[in-house]
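Inside the fold
So you can see what is in the structure, the chains are spelled out below.
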Amino acid sequence: MSAGPVPGDARPVPGRRELAYAVLLCLAGAGLALWAATRTWVVDVVGRSEPMLLVEEGRTGGQLLPWLPALALVGLAGGGAVLATRGRPRRVLGGLLTLLGLALAAGGGYGLVGDLGDPVTWQWPVLTLLGGILAAVGGALTMLRGHRWPAMGARYERRTTRPTGSSGPIGGAGTVEAWEALDRGEDPTIR
């Protein structure tokens, strides 16, 4: 029988796995959409002045839909921001990532059915659509359950007061005091 948690117990914090899944879904989806948007979606055959000279000119998804790579980059940044937020801001961020993923999926869908030119290579718009769906699922998971997930530890937050029990200029004070102590001939590393 166990009397309670053991101090060295390595049990995962509840929600940590969901947090990892949501962040990975957002990052993988936005990364996939960004990669697919930079591939050639349309190849146009352009005739030149000479009768038999034809030139193929390819255009990427980012050239056809200029907002697509920008949204994918914002999705990558938002996926990382999920780790740094907590509570209501994390849920709002999840909603924004859901909308962003749906917009990426819409761009991929438009690449499949829209009038972009001849011939259309279908695999890159499909991957953009898939990436958008993955990012939207990660955002929805964050929006619905993100308030229950753990946040970054206090070691990442800025201290507002000087720690107690420290003496001398190094114990949390700025570098000005350390230089002044050196000018007086004192060793600022000794407490």
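Structure shown above.
Below, the structure is looked at part by part. (Residues numbered from 1 in each chain as written. Predicted model: local features only at pLDDT ≥ 70, side-chain atom pairs only at ≥ 80, totals over all residues. Heavy atoms only, no water.)

Quick notes on the environment of Ala-33
Within the element layout of this structure, Ala-33 appears in helix H1 (residues 16-37). By relative accessible area, which is 1% here, Ala-33 ends up buried. Between the C-alpha atom of Ala-33 and that of Leu-127, which follows or precedes it by 94 residues, the distance is 6.5 Å. (Helix = DSSP H or I, 4+ residues; strand = E, 2+ residues; numbered from the N terminus. Buried < 20%, exposed > 50% of the residue type's maximum accessible area, 1.4 Å probe, protein only.)

With respect to the environment of Ala-20
On the secondary structure map, Ala-20 appears in helix H1. Classification of Ala-20 by relative accessible area gives partly exposed; the value is 35%. Between the C-alpha atoms of Ala-20 and Gly-138, which are 118 residues apart in sequence, the distance is 9.8 Å.

Structural notes on the environment of Gly-107
Turning to its location among the elements, Gly-107 is positioned in helix H4 (residues 87-113). For Gly-107 and Gly-132, which are 25 residues apart along the polypeptide, the C-alpha to C-alpha distance reads 8.6 Å. If sequence neighbours within four positions are ignored, Gly-107 has contacts with Trp-41, Leu-65, Trp-67 and Leu-68. (Contact = heavy atoms within 4.5 Å.)

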